[in-house]
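Below are the chains, spelled out letter by letter.
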Amino acid sequence: MRWVLAILGIVLLFAAGCTTERDVGNVHALVPGSEDNPNYETVVFGGVEQQYNVSSNKSVILVVSGSYNVVYVDENTELSEVVMSGNGNLVYISSKHHPKMMRSGMQNLILRYN
């Protein structure tokens with residue numbers, strides 16, 4: 001019986017980081033006034049073991065969920081906020097970026113490059 005509960009717990013843990021269509025429409029950023037401001041762009045990434053590059057002329061609010069995704073943010077992109085959930089995600093940001101950061105889930109990292 002314990003092994004059934006353990007397997008169920010592991011399945012729920014991995015499913016917690018998965019994104020659905022409903023999640024994409026319900027992104028709530030911490031940047032005041034970003035909802036209707038054309039100078040902000042909310043970029044949402046999810047899935048499993050995906051690799052993404054982010055480059056934008058607008059101020060980016062980056063939302064990363066799912067499991068084991070890698071996201072590179074271009075040095076010239078203005079980054080306002082990073083919101084991470086899920087499991088084992090990795091976001092590379094420039095040492096020039098100073099966004100608001102919110103992490104949940106397990107083993108999610110934000111690393112800086114020069």
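So, how was this worked out
- Residues numbered from 1 in each chain as written.
- Predicted model: local features only at pLDDT ≥ 70, side-chain atom pairs only at ≥ 80, totals over all residues.
- Heavy atoms only, no water.
- Pairing = 2+ DSSP bridges.
- Helix = DSSP H or I, 4+ residues; strand = E, 2+ residues; numbered from the N terminus.
- Axes fitted to C-alpha atoms, helices over the stretch in contact; angles between N-to-C directions.
- Core = buried A, V, L, I, M, F, W, Y, C linked by side-chain atoms within 4.5 Å.
- Buried < 20%, exposed > 50% of the residue type's maximum accessible area, 1.4 Å probe, protein only.
- Contact = heavy atoms within 4.5 Å.

A. Representation of the sheet that holds strand E5 (residues 79–84) within the structure. Pairing is parallel across the open sheet formed by 4 strands, whose spatial order is E1-E3-E5-E7. In this open sheet, the two edge strands, each paired with only one partner strand, are strand E1 (40–45) and strand E7 (100–103). Each strand of the sheet is rotated relative to its neighbour by a mean of 10 degrees, with strand direction disregarded. Examined bridge by bridge, E5 and E7 share 4 bridges and lie parallel to one another. Each residue of the ladder has a partner; that of Val82, found in E7, is Met101.

B. The nonpolar core, seen in detail. Phe45, Val54, Leu62, Val71, Val73, Leu79 and Val91 are the most contacted members of the largest nonpolar core, which has 15 residues in total. Elements with a contribution of two residues or more to this core: E1, strand E2 (51–54), strand E3 (59–64), strand E4 (70–73), E5 and strand E6 (90–94). In contact with Phe45, other than residues within four places in its own chain, are Tyr52, Val54, Leu62, Val63, Val64, Ser65 and Val71.

Interpretation note: all reported values are geometric properties and have no functional meaning in isolation.
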